[in-house]
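Summary of structural features
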Amino acid sequence: MLLAIDCGNTNTVFAIWDGRQLLGRWRISTNHSRTADEYHVWLSTLIEHERLDAPINAVIISSTVPRVVFNLRVLANRYFNCRPMVVGKPGCELPVEPRVDPGTQVGPDRLVNTVAGFDLFGGDLVIVDFGTATTFDVVGEDGAYIGGVIAPGVNLSLEALHQAAAALPHVDVTKPEKVIGTNTVACMQSGVFWGYVGLVSGIVTQIKAERGRPMKVIGTGGLAPLFQQGDALFDVFEEDLTMHGLTVIYNYNKDRVGDPDEMAVPE
């Protein structure tokens, strides 16, 4: 029974897998000061609420926020009696190593998405992930991460617009009824929505031209379904792409894990 944890800059997602079956998935705000005990109380309450029989005995973590990893390690060690795998750390290898400039540190979330995309759809992919940043991950024909693009996230752009211009309100992201707004909120929503449709479409077009071969476009992240309404931006939308990737990486590495008693996390 595997607990997969994906820690992003804004939210952290916990998912429990029984083999390839997803039993439950929950989201909590990312907070580096949250303790292992707090995580356990929150998670065990949700598991009990869902009436799940989930005796967790393995944990894998992907985190773009290094400061939260220690308490997640303690969570695994103290409450699930296991040493967690951490993507990007020793003992957690990738099926195919990334091909990037020497010394480049690729975000673990991007590596996990690459592994998941290749497992589900094969090679030659562009994975567009709408998170705190909007990222474009390019997957080679052999499943390697070969580079990508990072753009400001949708909500980040809205927040910057609100903070930089005192007269502009904070607005929610939605698809406007018309491109031409007739009030301030509609104008801002149109600019963000159609601006990001154009951004995604333009970058994907340039990636395909540079690669010179057909490529499948995969959308993921919380806002991906909203932007799929604007145009045929993606060939496939995959809500649990990152979580699926964590299960693939865990299964790839599980035979390499040593004795948990020898690798316990210090309190």
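Just above sits the structure.
This section reports on the structure supplied with the text. (Residues numbered from 1 in each chain as written. Predicted model: local features only at pLDDT ≥ 70, side-chain atom pairs only at ≥ 80, totals over all residues. Heavy atoms only, no water.)

**What to know about the overall build of the protein chain**
- When you go through the protein chain residue by residue, the secondary structure sums to seven helices and ten strands.
- Relative to a compact globule of 267 residues, whose C-alpha radius of gyration would be 18 Å, the protein chain shows 20 Å and is just as compact.
- Along the three orthogonal principal directions, the C-alpha set of the protein chain runs to about 65 × 45 × 35 Å.
- Across the 267 residues of the protein chain, 45% fall into the buried class.
- In the protein chain, once contacts between residues fewer than 6 apart in sequence are set aside, the share between residues at least 24 apart is 58%.
- Surface summary for the protein chain: the accessible area is close to 13400 Å², and the carbon and sulfur share equals 50%.
- In the protein chain, which carries 20 positive and 31 negative side-chain charges, the distance between the mean positions of the two groups comes to 3 Å. (Helix = DSSP H or I, 4+ residues; strand = E, 2+ residues; numbered from the N terminus. Rg over C-alpha atoms; globule rule 2.2 N^0.38 Å. Buried < 20%, exposed > 50% of the residue type's maximum accessible area, 1.4 Å probe, protein only. Contact = heavy atoms within 4.5 Å. Areas by Shrake-Rupley, 256 points an atom, 1.4 Å probe, with all protein chains shown as cover. Lys, Arg positive; Asp, Glu negative; His and termini not counted. Charge placed at Lys NZ, Arg CZ, Asp CG, Glu CD.)

**Some details on the environment of asparagine 77**
- For asparagine 77, the position within the fold is in helix H2 (residues 69–80).
- Taking the C-alpha atoms as reference points, asparagine 77 and alanine 36, 41 residues apart in sequence, are found 9.6 Å from one another.

**Overview of the sheet that holds strand E8 (residues 145–152)**
- Pairing in this open sheet of five strands is mixed, and the strands run E8-E7-E6-E9-E10 from one edge to the other. Lying at the two open borders of the sheet, with one neighbouring strand each, are E8 and strand E10 (236–237).
- For strand E9 (residues 216–221) and E10, the ladder comprises two bridges, and the chain directions are parallel. Looking across to E10, one finds that isoleucine 218 is bridged to valine 236.
- Packing against the sheet, helix H5 (residues 184–211) makes contact with strand E6 (125–130), strand E7 (133–139), E8 and E9, and its axis sits at approximately 20° to E7. (Pairing = 2+ DSSP bridges. Axes fitted to C-alpha atoms, helices over the stretch in contact; angles between N-to-C directions.)

**Things to note about the pattern of salt bridges**
- Enumeration according to the criterion identifies nine salt bridges in this entry.
- Two residues, arginine 20 and aspartate 119, come together in a salt bridge whose shortest N-O distance is 3.9 Å. Of the two residues, arginine 20 is situated in the loop between strand E2 (11–18) and strand E3 (21–29) and aspartate 119 in helix H3 (residues 108–121); the sequence distance between them amounts to 99 residues.
- Judged by its relative accessible area of 37%, aspartate 119 falls in the partly exposed class.
- In this structure, aspartate 124 engages arginine 213 in a salt bridge whose closest nitrogen and oxygen atoms are separated by 3.4 Å. Of this pair, aspartate 124 sits in the loop between H3 and E6 while arginine 213 sits in the loop between H5 and E9; the two residues are 89 residues apart in sequence, bridging distant segments of the chain.
- The exposure class assigned to aspartate 124 is buried, which follows from its relative accessible area of 15%. (Salt bridge = Lys/Arg side-chain N within 4 Å of Asp/Glu carboxyl O.)

**Re unusual backbone geometry**
- Here asparagine 81, not a glycine, exhibits a phi torsion of approximately 55°, which is positive.
- Here asparagine 81 lies in the loop between H2 and strand E5 (85–86).
- Of note, the phi angle at aspartate 124 is positive, near 55°, even though the residue is not glycine.

**Focus: the pairing of E9**
- Most of E9 sits inside the fold, with five of its six residues counted as buried.
- For E6 and E9, the ladder comprises six bridges, and the chain directions are parallel. If you follow aspartate 129 over to E9, its bridge partner there is threonine 220.

**A word on the packing of helix H1 (residues 36–49) against H2**
- Where H1 contacts H2, the axes come no closer than 8 Å and their chain directions differ by 65°. When the axes of H1 and H2 are compared, the crossing they make is right-handed. Contacts from Ala36, Asp37, Tyr39, His40 and Leu43 of H1 reach H2 at Asn71, Leu72, Val74, Leu75, Arg78, Tyr79 and Phe80.
- Residue composition of the contact of H1 with H2, by class: eight nonpolar, two polar and two charged. (Left-handed = near helix turned anticlockwise from the far one by under 90°. Nonpolar A, V, L, I, M, F, W, Y, C, P; charged D, E, K, R; others polar.)

**Brief notes about the packing of H3 against helix H7 (residues 241–253)**
- The N-to-C vectors of H3 and H7 enclose an angle of 85°; their axes lie 7 Å apart at closest approach. Relative to H7, the element H3 lies roughly perpendicular. On H7, the residues touching Val112, Asn113, Val115, Ala116, Gly117, Asp119 and Leu120 of H3 are Leu241, Thr242, His244, Gly245, Leu246, Val248 and Ile249.
- Considering only residue class, the contact of H3 with H7 consists of eight nonpolar, five polar and one charged. (Parallel < 35°, antiparallel > 145°, perpendicular 65-115°, else oblique.)

**Some points on the packing of aromatic side chains**
- A complete count under the given rule lists seven aromatic pairs for this structure.
- Judged by centre distance (5.8 Å) and plane angle (45°), the ring pair of phenylalanine 14 and tyrosine 39 falls under tilted. One end of the pair, phenylalanine 14, is in strand E2; the other, tyrosine 39, is in helix H1, with 25 residues separating them in the sequence. Like tyrosine 39, phenylalanine 14 is buried.
- By way of ring pairs, the aromatic residues Phe130, Phe193, Trp194, Tyr196, Phe227 and Phe234 are connected into one cluster. (Phe/Tyr/Trp six-rings, centres within 6.5 Å; stacked < 30°, edge-to-face > 60°.)

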